[in-house]
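Residue-level listing of the chains:
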Amino acid sequence: MLSSQAIKKSAASALKQQSRLFSQNNNLLQAKSLKETFKDIYPAKAAAIKEFKKQYGDVVIDQVKLSQAYGGMRGIKSLVWEGSVLDPVEGIRFRGLTIPEVTEQLPKFGADSPCPEALLWLLLTGEKPSMEQTKLLSKDLASRSELPKHTTDLLDSLPKDLHPMAQFSIAVVSLESESKFSKAYAAGVNKGEYWDYAYEDCLNLLGKLPAIGARIYSNVFHEGKLNNLKADPNSDYGKNLAHLLGFENNENFTELMRLYMTIHSDHEGGNVSAHTTHLVGSALSSPYLSFAAGLNGLAGPLHGRANQEVLEWLFKFKEAVKGDYSKESIEKYLWETLNAGRVVPGYGHAVLRKTDPRYTAQREFALKHFPDYDLFKLVSAIYQVAPEVLTKQGKTKNPWPNVDSHSGVLLQYYGLTEASFYTVLFGISRAFGVLPQLILDRAYGMSIERPKSFSTEKFMELVTKNQK
Ligand code: CMX
């Protein structure tokens, strides 16, 4: 029998627990949601942009060289992107914060990793959310995770050898049936309300992405055995993603998912996936159609698919050298790759001119959790050799590793070994960067994109005329 003191103690502890839960729920009820916060702040920003354009619209901000027209429009200052800016040496800043600053200053759910919900809030509003607001957003996203039956049926019907990125894009396009934006537009909604419908589509899409990715993973690699798993309405995004992929009660993998989702999200507006999403959205195609277009760009080997290419390239090397990770053997392999007219996957960048801080963040994760893992050692050994070889070859403007050089190794360690799935994870993360910009595009009334193009003959004429 319990003593009266023990009963009192247990009653007091139950009361304390109840009051803690009550205050947590109360905080959640009081915290302003992301949508309410955005609704409060965007009108002043939209007005400021209107005034800025009116006053300074004729100021020249850049001059374009012929080499830029032929060189993938590299570096031309002609895109508006609010969430992030990429410095060639320092790397990415999300609303002014570097990756270490994001990790330090935004709410976290685990020990070390930043969380994508908080980053989404920051990218859309420019403000740092509180823990309560971040939790509210987690719940909101989890509540939107259910897929319509036609999407799951469609995914289940696809051939297993169709690349996961193609499956991903198909599934996202099929969600067009759910688009509140497209329905509102068809019903003649006022321009001033576009952002509201775009917001709903973007959050619904973000909420559903883990379920889409996990179903592809389950169907293609695990005979559909994970298809009955459901998102937990009380879990955060990273934890739900880990759970849906079948990584249950693995806190380190969950932390990796949070880190992965955060660092792959946004890399300013000019990269192929971000620009494509923004471009297609500028025609007022719904967020579903716009993001699917961005995914098709991300699927390219020079962009997001590089993470798959890296793994395949690493395994080929590993098999050939049987543990010989010496400088000489790595150098030989690098030259073989280059002399075969191929790129070294995971190295180089269109903007960066130093080691990608996203690479460094992942390296630090590996150093903390599995410094002795063989594949990590191989990646580290290549890091010591590749920049020198690429510099000697003299073609790339950036001989340093990018984000894709490291991500696959981390996933391999935890047993997510199917490399052709890796770009799908990149795609889920990229949504956290490009969808907030779509909402901003509609809130600020951004124009349909329409740069000017000419034939080579016409450019020749132009060059002759401009030289005179
Ligand atoms: N290995 C070999 N050659 C490379 C190279 C690499 N890693 N990176 C660039 N080069 C070559 C280019 O192919 C180009 O050659 P050509 O003159 O024959 O066309 C030359 O060096 C100059 O290219 P650059 O101006 O330095 O780079 P770009 O802006 O044209 O391209 C990128 C950037 C990322 C496509 C390129 O570095 C590359 O192909 N890297 C390997 C693929 C990769 O890792 N992509 C992932 C990037 C990050 C992401 O988007 O996810």
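Structure first, text after, so check above.
Conventions adopted
- Within each chain, residues carry numbers counting from 1 in the order of the written sequence.
- Whole-chain, interface and lining totals are the exception, using all residues; otherwise, since this is a predicted model, local features are given only for residues with pLDDT of at least 70 and side-chain atom pairs are given and counted only at 80 or more.
- Note: side-chain values were computed over all heavy atoms of the structure, leaving out hydrogens and water.
- Orientation is described by axes fitted as lines to C-alpha atoms, over the contacting stretch for helices, and by angles from 0 to 180 degrees between their N-to-C directions.
- Only DSSP runs of H or I covering at least 4 residues are called helices, and only runs of E covering at least 2 are called strands; the numbering of each starts at the N terminus.
- Small angles under 35 degrees read as roughly parallel and large ones over 145 as roughly antiparallel, with 65 to 115 read as roughly perpendicular and the rest as oblique.
- Should any heavy atoms of two residues lie within 4.5 Å, those residues are counted as being in contact.
- In the scheme used here, Gly and all other residues not listed as nonpolar or charged are polar, with Ala, Val, Leu, Ile, Met, Phe, Trp, Tyr, Cys and Pro taken as nonpolar and Asp, Glu, Lys and Arg as charged.
- Under the convention used throughout, the expected extent of a helix is 1.5 Å for every residue step, that is, one less than its residue count.
- Three exposure classes are used, based on accessible area relative to the maximum for each residue type with a 1.4 Å probe and protein chains only: buried under 20%, partly exposed in between, and exposed over 50%.
- Think of a salt bridge as a Lys or Arg side-chain nitrogen and an Asp or Glu carboxyl oxygen that are within 4 Å of each other.
- Every patch collects residues that have over 30% relative accessible area and no salt bridge, joining them within 9 Å if they carry like charges and within 5 Å if they are nonpolar side chains (Val, Leu, Ile, Met, Phe, Trp, Tyr).
- Accessibility throughout is a Shrake-Rupley quantity obtained with a 1.4 Å probe, and a residue counts as covered only by protein chains that appear here.
- Any two strands with at least two DSSP-identified bridges between them are counted as paired.

## So, the packing of helix α12 (residues 251-263) against helix α17 (residues 357-369)
Inference 1: Two elements in contact, α12 and α17, have axes separated by 11 Å at closest approach and are oriented at 170°. Here α12 lies roughly antiparallel to α17, going by the angle between them. Contacts between α12 and α17 pair N252, E255, L256, L259 and I263 from the former with R358, A361, Q362, F365 and H369 from the latter.
Inference 2: A class-by-class count of the residues in the contact of α12 with α17 yields five nonpolar, three polar and two charged.

## Concerning helix α14 (residues 287-298)
Each full turn of the α-helix corresponds to 3.6 residues, which orients residues three or four apart in the same direction.
Inference 1: The terminal C-alpha atoms of α14, which comprises 12 residues, lie 16 Å apart, in line with the 16 Å expected from a rise of 1.5 Å per residue.
Inference 2: Counting buried positions along α14 gives 10 out of 12 residues, so the element sits mostly inside the fold.
Inference 3: Listed as buried for α14 are P287, Y288, S290, F291, A292, A293, G294, L295, G297 and L298.
Inference 4: Taken together, the buried residues of α14 touch α8 (164-174), α9 (180-186), α10 (194-221), α13 (272-282) and α20 (422-443).

## Things to note about the pattern of salt bridges
Inference 1: The tally for this structure, following the rule as stated, stands at 22 salt bridges.
Inference 2: Between E223 and K225 there is a salt bridge, and its shortest N-O distance comes to 3.1 Å.
Inference 3: Judged by relative accessible area, which is 66%, E223 ranks as exposed.
Inference 4: Owing to a relative accessible area of 61%, K225 belongs among the exposed residues under this scheme.
Inference 5: Of the charged contacts, one joins R258 and E251 as a salt bridge, the two residues approaching to 3.3 Å between their closest N and O atoms.
Inference 6: Each of the salt bridges in this network shares a partner with another, and the network as a whole consists of K35, D140, R144, D196 and E200.

## As for a nonpolar patch on the surface
Inference 1: A surface patch of nonpolar side chains, amounting to about 460 Å² of accessible area, comprises F52, Y56, V59 and I61.
Inference 2: Tracing the backbone through its elements, the reader meets I61 in the loop between α2 (34-56) and α3 (66-70).

## Describing the pairing of strand β2 (residues 91-94)
Inference 1: Alignment of strand β1 (residues 84-87) against β2, held across four bridges, turns out to be antiparallel. Across the sheet, residue V85 finds its bridge partner in β2, namely R93.
Inference 2: The loop that links β1 with its antiparallel partner β2 comprises three residues.

## Some words on the side chain of T125
Inference 1: Mapping T125 onto the fold places it in helix α5 (residues 116-125).
Inference 2: A relative accessible area of 1% places T125 in the buried class.
Inference 3: Leave out the neighbours within four places in its chain, and T125 touches L34, T37, I41, K45 and R95.

From the geometry alone we can't say anything about function, so treat these as descriptive.
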